[in-house]
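Notes for the structure review
Listed below, chain by chain, are the residues.
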Amino acid sequence: MRQHHKRTILTTFRYIKYTNLKKEIRGYGYSYSFKKYLASLLLSFLGILLAGKFFHLQIPYIIGLGLAYLCFFPIIIIRQFKYMYEQQRFRDVVNYLEQMMYSFKKQPKIIVALEETKQLCEGRILELIDEAEKAISSPGAVDDLYRHALSCIEQGGKSGRSVPKYIKYHIRRCERMDRADISLSEREKKHEI
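Residues numbered from 1 in each chain as written. Predicted model: local features only at pLDDT ≥ 70, side-chain atom pairs only at ≥ 80, totals over all residues. Heavy atoms only, no water.

Attention now goes to the packing of helix H3 (residues 34–54) against helix H4 (residues 59–106). The geometry of H3 relative to H4 is characterised by a closest axis approach of 10 Å and an angle of 150° between their N-to-C directions. On the basis of the axis angle, H3 is roughly antiparallel to H4. H4 is crossed by H3, and the crossing has right-handed handedness. On H4, the residues touching Tyr37, Ser40, Leu41, Ser44, Phe45, Ile48, Leu49, Gly52 and Lys53 of H3 are Ile59, Ile62, Leu65, Gly66, Tyr69, Leu70 and Phe73. Grouping the constituent residues of the contact of H3 with H4 by class yields eleven nonpolar, four polar and one charged. (Axes fitted to C-alpha atoms, helices over the stretch in contact; angles between N-to-C directions. Helix = DSSP H or I, 4+ residues; strand = E, 2+ residues; numbered from the N terminus. Parallel < 35°, antiparallel > 145°, perpendicular 65-115°, else oblique. Left-handed = near helix turned anticlockwise from the far one by under 90°. Contact = heavy atoms within 4.5 Å. Nonpolar A, V, L, I, M, F, W, Y, C, P; charged D, E, K, R; others polar.)

What follows deals with H4. Between its first and last C-alpha, H4 extends 69 Å over 48 residues, near the 70 Å set by a 1.5 Å rise per residue. Phe72 marks the point of greatest bend in H4, at about 40°, and the proline Pro74 comes within the next four residues. (Expected span 1.5 Å × (residues − 1). Bend = angle between axes of the 7 residues up to and from the residue.)

The predicted coordinates should not be examined in detail at positions where pLDDT is low. A residue-level look at the protein finds 72% of positions with pLDDT of 70 or above and a mean pLDDT of 78. Across the protein, the secondary-structure element scoring lowest on mean pLDDT is helix H8 (residues 162–171), at 49, and the one scoring highest is H3, at 95. This stretch, residues 157–164, has a pLDDT under 50; its non-local contacts, to residues over four places away or in other chains, come to twelve contacts. Confidence over residues 173–179 falls short of pLDDT 50; this stretch has four contacts with residues more than four positions distant or in other chains. (pLDDT = per-residue confidence, 0-100.)

Another aspect to go through is the side chain of Asp92. Within the element layout of this structure, Asp92 appears in helix H4. Although Asp92 is buried, it forms no salt bridge, and the closest oppositely charged side chain is Arg91 at an N-O distance of 6.3 Å. Dropping the residues within four chain positions of it, Asp92 is found in contact with Glu122 and Ile125. (Buried < 20%, exposed > 50% of the residue type's maximum accessible area, 1.4 Å probe, protein only. Lys, Arg positive; Asp, Glu negative; His and termini not counted. Salt bridge = Lys/Arg side-chain N within 4 Å of Asp/Glu carboxyl O.)

Our focus in this paragraph is a nonpolar patch on the surface. On the surface, a cluster of nonpolar side chains totalling about 580 Å² of accessible area is made up of Phe54, Phe55, Leu57, Tyr61 and Leu65. Mapped onto the elements of the fold, Tyr61 is located in helix H4. Given the relative accessible area of 54%, Tyr61 is considered exposed. (Patch = residues over 30% accessible without salt bridge, like charges linked within 9 Å, V, L, I, M, F, W, Y side chains within 5 Å. Areas by Shrake-Rupley, 256 points an atom, 1.4 Å probe, with all protein chains shown as cover.)

Even without a glycine there, the phi angle at His56 is positive, about 55°. Looking at the element boundaries, His56 is found in the loop between H3 and H4. Among the residues examined, His56 registers a relative accessible area of 71% and is labelled exposed.

Going through the model one piece at a time under the given rule, you end up with six salt bridges. In this structure, the salt-bridge partner of Arg89 is Glu86, at a minimum N-O distance of 3.8 Å. Taken together, the residues span about one helical turn, with Arg89 and Glu86 both in helix H4 at a distance of three residues. Of the charged contacts, one joins Lys118 and Asp130 as a salt bridge, the two residues approaching to 2.7 Å between their closest N and O atoms.

Let us look at the nonpolar core. Of all hydrophobic cores here, the largest spans 18 residues; its most connected members are Tyr96, Ile110, Leu114, Ile125 and Ile153. Where this core is concerned, the elements lending two or more residues are H4, helix H5 (110–120), helix H6 (124–137) and helix H7 (145–156). The element contributing the most residues to this core is H6, with six residues. Setting aside its immediate chain neighbours within four residues, Ile153 contacts Tyr96, Leu114, Ile125, Leu128, Ile129 and Ala132. Core analysis: the next-biggest nonpolar cluster, separate from the first, contains 13 residues, Tyr28, Tyr32, Ile77 and Ile78 among them. (Core = buried A, V, L, I, M, F, W, Y, C linked by side-chain atoms within 4.5 Å.)

Given below as C-alpha cells:
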C-alpha cells in the first residue's frame, strides 16, 4: 500500500511539468493547450487568493494552499479528461450493444449484425468490430469461430461481455428471447419519455 502511495505522489510531481501533462491527456484522445493550462491555473490561484482574503488567512497560509493546489492541479485535470474518455467508451459500448441486439434480432446472422452495427460505431469499438469481422471471414483452426471472433470485442471492454452471451442464446434458440424483448422494450420506453 505504501509503494502505491509513493508512486502516486511521484506521478503527481511528474505532471506538474506541462509536457508530461499534455502527453497524458493526449493519451485519452484530447488536447489541452498551454493557454488553457495557464488560464485554469491563474483562475484557480485567484480563487485561492480571494478565498484566503475572505476567510482572513495570513499570507503564508494562502501560499501554502496555493502550493498544495499546485501539486493536485495536474491530477484534477487528468481525472477530468479520463472521466470524459471513460464516458465516451461507455457510450460506445452501449450503442454497440443496442445496435447489435436490434440487428441480430432482425436477422439472426452475426456477420450481418456486425456489419450493421459497424455503420453506427466509431473509435476503438469500430476497430474491435473490424477485428471480429476479419476473424469470421478468415477462419483458422478455431473450434468455435463465432465465440473466437466475438472475443475480440469482449476483450476490448468489460461491458462487451454480454454481447457474445446474448448472441449465443439466440444461436441456440433458447428461451431467453423474452428477456431480450423486455430489455429492448424497456429501452424504447426510456427513449419515448
